[in-house]
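# Structural features, examined
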Amino acid sequence: MQLNETVIRNVVEEVLSRLGSNGAGVPVVAGGGYQGRFGMFTCVDEAVAAARDAFDQLSRRTMDDRKRIIDHIRRISIDQCVELGTMEMEETKIGRLEHKIEKLKVLGERTPGVEFMRSEVFSGDHGLAVIEHAPFGVIGAITPVTHSLPTITGNAVSMIAAGNTLVINPHPSGRRVAAEGVRRFNEAIYRDLGIDNLICLITEPTLETADAIFKHRDVALLCVTGGPGVARAAMRQAKRAIVAGPGNPPVVVDETADLDRAARSIIQGAAYDNNLLCISEKQVFVVDRVFDAMMAAMERAGAVRLSASEVEAFTKVAITSVGEGGRKHDVPSRDFLGKDAAVLAAGIGKTISPNVELIYGETDESNPFVPVEQMMPFLPFVRSRDVDEAIEMAYRSEHGFRHTAMIHSKNVDNMTKMGKVMDTTLFVKNGPSMAGLGLGGEGYLSFSIATPTGEGPTTPLTFTRERRCSMIDNLRILGK
Ligand code: NAD
């Protein structure tokens, strides 16, 4: 996609300045009520009340209306992806512009909507039982900085398709683009259908506002997308939480793999948005017999290899420790998280082309890049004796998150063994990680993949409760 940077910058500055310091910048209708707020709130109680009111209105509308509502969210995400994606890049300063734009477009196009809704029926001697999927009501959603507005697009489409409304606590570092997107969604929906505040957003989000959403009695369900801290916090709550938690996806390459295809796939997955995706390849275990050939294949596919001393120097600057005593642990340095490969290389005084998508190097299993979810385009490659050792190391590196794993192999026994051991929500064979979300593979798309709580890639049905309607001894038109 061709972008005129000056035009985009001007548009972004204009929109960000309109948002103002409180992130609202929208009229409040006099005389109370929340109509005209277009989802912008600083107070959790008000946001929940507005979302509750919107839920009552939505409950009286048809499925066709739900589809029309969702079509506005899709249209804005697709048609305005350049402007909103650029705004997200300018605000968060992590990832890659072309992918910020593409994520909005793809989520607008492919998030499952009302077409995913269905009912089940049991028909027998005693009549019919129909199982229908009803909304919960107001859903409290927490969204990550790695995909601020894209996660909101995906959540809003699926949650509203199921008849719910939302109150969102966005990541503070992506709050302005989140507010601008949500304001546009609500305004378009209001003008067409007369319902405002289907998606409410806390414009000045904090841990306290997140906690207030968690605990609010009118929030019926939680959906949290983020790292270990927020995943733990959500699972401690007294109400049901759908938790899309952290990952650290390993890749195994065995001696039967098509190495060039594996290299292309690993670069595509690991370099996407500078490795910010929770599903992205984070560390690679290659059997000794093809290790050197695999390193050469990576170079042929366009990645730049670091020498042993360069890997050592880069590890020192790119991984840092936080916490005290038993809670001390390694994390990626903010200077490099989500930055381009050329910025990473410059950190150790190495100049590479800005077109390079990924840098990589040989490490052993103890290098911190193996256990840490680095979220930057450097991949550690670890040599293993055989496929069994590679799978064992892959399992250890994933920490039991049960999120995502990849293998490149033509040996179905090895694939099956790894699939069983890893026990992950997504397991991709011979493709890039995103193929596991239907992007170049089969299946549907979601950016909230519920891992510890087990719902998997979320769909509208994830956000429903079952209701059964029984007709006794009648309406079955078969048999006697
Ligand atoms: P993060 O955990 O720092 O923040 C995520 C959200 O949680 C933010 O809105 C943040 O403000 C909030 N938050 C953090 N701690 C909280 C607490 N104790 N109580 C309430 N709210 C809290 O993560 P991030 O850097 O924004 O996103 C990256 C992380 O999210 C990675 O670990 C990645 O794997 C994960 N992720 C998972 C999925 C998935 O579908 N499973 C999708 C995207 C990202």
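Conventions we followed
- Residues numbered from 1 in each chain as written.
- Predicted model: local features only at pLDDT ≥ 70, side-chain atom pairs only at ≥ 80, totals over all residues.
- Heavy atoms only, no water.
- Axes fitted to C-alpha atoms, helices over the stretch in contact; angles between N-to-C directions.
- Helix = DSSP H or I, 4+ residues; strand = E, 2+ residues; numbered from the N terminus.
- Parallel < 35°, antiparallel > 145°, perpendicular 65-115°, else oblique.
- Left-handed = near helix turned anticlockwise from the far one by under 90°.
- Contact = heavy atoms within 4.5 Å.
- Nonpolar A, V, L, I, M, F, W, Y, C, P; charged D, E, K, R; others polar.
- Near = heavy atom within 4 Å.
- Polar contact = N/O pair within 3.5 Å; in protein donor to acceptor, adjacent residues only side chain to side chain.
- Areas by Shrake-Rupley, 256 points an atom, 1.4 Å probe, with all protein chains shown as cover.
- Pairing = 2+ DSSP bridges.

For the pair helix α3 (residues 63-79) and helix α7 (residues 175-193), interaxial distance at closest approach is 9 Å and the crossing angle is 140°. Put simply, α3 runs oblique to α7. Where α3 crosses over α7, the two elements pack in a sense that is right-handed. Together, Asp65, Arg68, Ile69, His72, Ile73, Arg75, Ile76 and Ser77 of α3 and Arg184, Phe185, Ala188, Ile189, Asp192 and Leu193 of α7 make up the contact between the two elements. Along the lines of polarity and charge, the residues of the contact of α3 with α7 split into seven nonpolar, two polar and five charged.

Neighbouring the ligand are 28 residues, the closest being Thr143, Gly227, Gly245, Glu373 and Ile449. The contact in question runs from an oxygen atom of the ligand to an N or O atom on the backbone of His171, over 3.3 Å. A distance of 2.8 Å is found between an oxygen atom of the ligand and a backbone nitrogen or oxygen belonging to Gly227. Coverage of the ligand by the protein chains reaches 85% of its 840 Å² of free accessible surface. Of all the secondary-structure elements, those providing two or more residues to the shell around the ligand are α8 (207-215) and α9 (228-235).

Here the focus is the pairing of strand β3 (residues 127-135). Direction of pairing for strand β2 (residues 120-124) relative to β3: antiparallel, over a ladder of five bridges. Among the inter-strand pairings, Gly124 is bridged to a residue of β3, identified as Gly127. Pairing analysis gives nine bridges linking β3 to strand β20 (residues 464-472), with the strands arranged antiparallel. If you follow Pro135 over to β20, its bridge partner there is Thr464.

Everything listed here is a matter of geometry and, on its own, says nothing about what the molecule does.
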